Amino acid sequence: DVDQVYHPTSNSTVSTRRLNAGGNSILITQYDFSPKLENGPLAVCVGRLCRQKGQDVLLAAWPAVRARVPEARLVLVGDGPTQSDLSARSGEGVDLVGTRDDIPDWLAAADVVVAPSRWEGMALTLLEAMATGRSVVATEVAGAREALGDEAGRIVPVESVPELVDAVVERLRDPALPADPGG
């Protein structure tokens, strides 16, 4: 269904539609999310900074990503109990920006959205990333395959640093690459 709703940022009425997956849904606003940054390839990871979300695995993978894509940058959006540990472990090309209320802009700025969770119920970040038309790399957790299908991203095994590196590098080099060739 397409509905007309008022969008306060643009001060206009816009068309929306609902994206459904795994029993969850989000409203997708039909306007251009394209604040692409010109500072090199960008990976974005949005979520509570905690063991469940796997940002530590992404940080473990990041030096290998940078070795293959030296200009790549990673932004972790969110806060939580592992924030100080992640901050201490973050290296060159990594920024922790804390809790934000401009998540759609961060997702839209990304060349790839990474969701390295160890477990999930249903990650809404996957749906939000898809709503901005960005490629996604996610781990094989509940709801990921249902959300991404075969068209929006790549699914890798949980805690597999080498496969996470390969998938992120592949999408940083070619952000328009959506399909999951590995199934």
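For the structure, check the block above.
Please read these numbers as outputs of a predicted model, since none were measured by experiment.

K.L.:
Could you give an account of the side chain of Arg 171, with specific residues and numbers?
P.N.:
Looking at the secondary structure, you find Arg 171 in helix α6 (residues 161-173). You can call Arg 171 buried: its relative accessible area is 0%. Of the polar contacts made by the side chain of Arg 171, one reaches the side chain of Glu 170; its length is 2.7 Å.

K.L.:
Could you give an account of the pattern of salt bridges, with specific residues and numbers?
P.N.:
For the structure on display, the rule yields 10 salt bridges. Of the charged contacts in the structure, one is a salt bridge between Arg 171 and Glu 170, with a shortest N-O distance of 2.7 Å. We classify Glu 170 as partly exposed; its relative accessible area is 27%. One salt-bridge network, in which partners are shared between bridges, spans Asp 56, Arg 118 and Glu 159.

K.L.:
Tell me what's going on with unusual backbone geometry, and back it up with residues and numbers.
P.N.:
At Glu 159, a residue that is not glycine, the phi angle is positive and equals roughly 60°. Within the secondary structure, Glu 159 is located in the loop between β9 (153-156) and α6. Classification of Glu 159 by relative accessible area gives partly exposed; the value is 44%.

K.L.:
Summarise helix α1 (residues 55-68); cite the residues concerned and give the values.
P.N.:
Between the first and last C-alpha of α1 there are 20 Å, a value that for 14 residues agrees with the 20 Å anticipated at 1.5 Å per step. The principal kink in α1, of about 35°, is found at Trp 62, preceding the proline Pro 63 by one to four residues. Considered for burial, the residues of α1 that qualify are Gln 55, Val 57, Leu 58, Leu 59, Ala 61, Trp 62, Val 65 and Arg 66. Looking at the buried side of α1, the elements it contacts are β4 (42-46), β5 (73-77), α2 (83-89), β6 (94-98), β7 (112-115) and α6.

Parameters at a glance
Residues numbered from 1 in each chain as written. Predicted model: local features only at pLDDT ≥ 70, side-chain atom pairs only at ≥ 80, totals over all residues. Heavy atoms only, no water. Helix = DSSP H or I, 4+ residues; strand = E, 2+ residues; numbered from the N terminus. Buried < 20%, exposed > 50% of the residue type's maximum accessible area, 1.4 Å probe, protein only. Polar contact = N/O pair within 3.5 Å; in protein donor to acceptor, adjacent residues only side chain to side chain. Salt bridge = Lys/Arg side-chain N within 4 Å of Asp/Glu carboxyl O. Expected span 1.5 Å × (residues − 1). Bend = angle between axes of the 7 residues up to and from the residue. Contact = heavy atoms within 4.5 Å.

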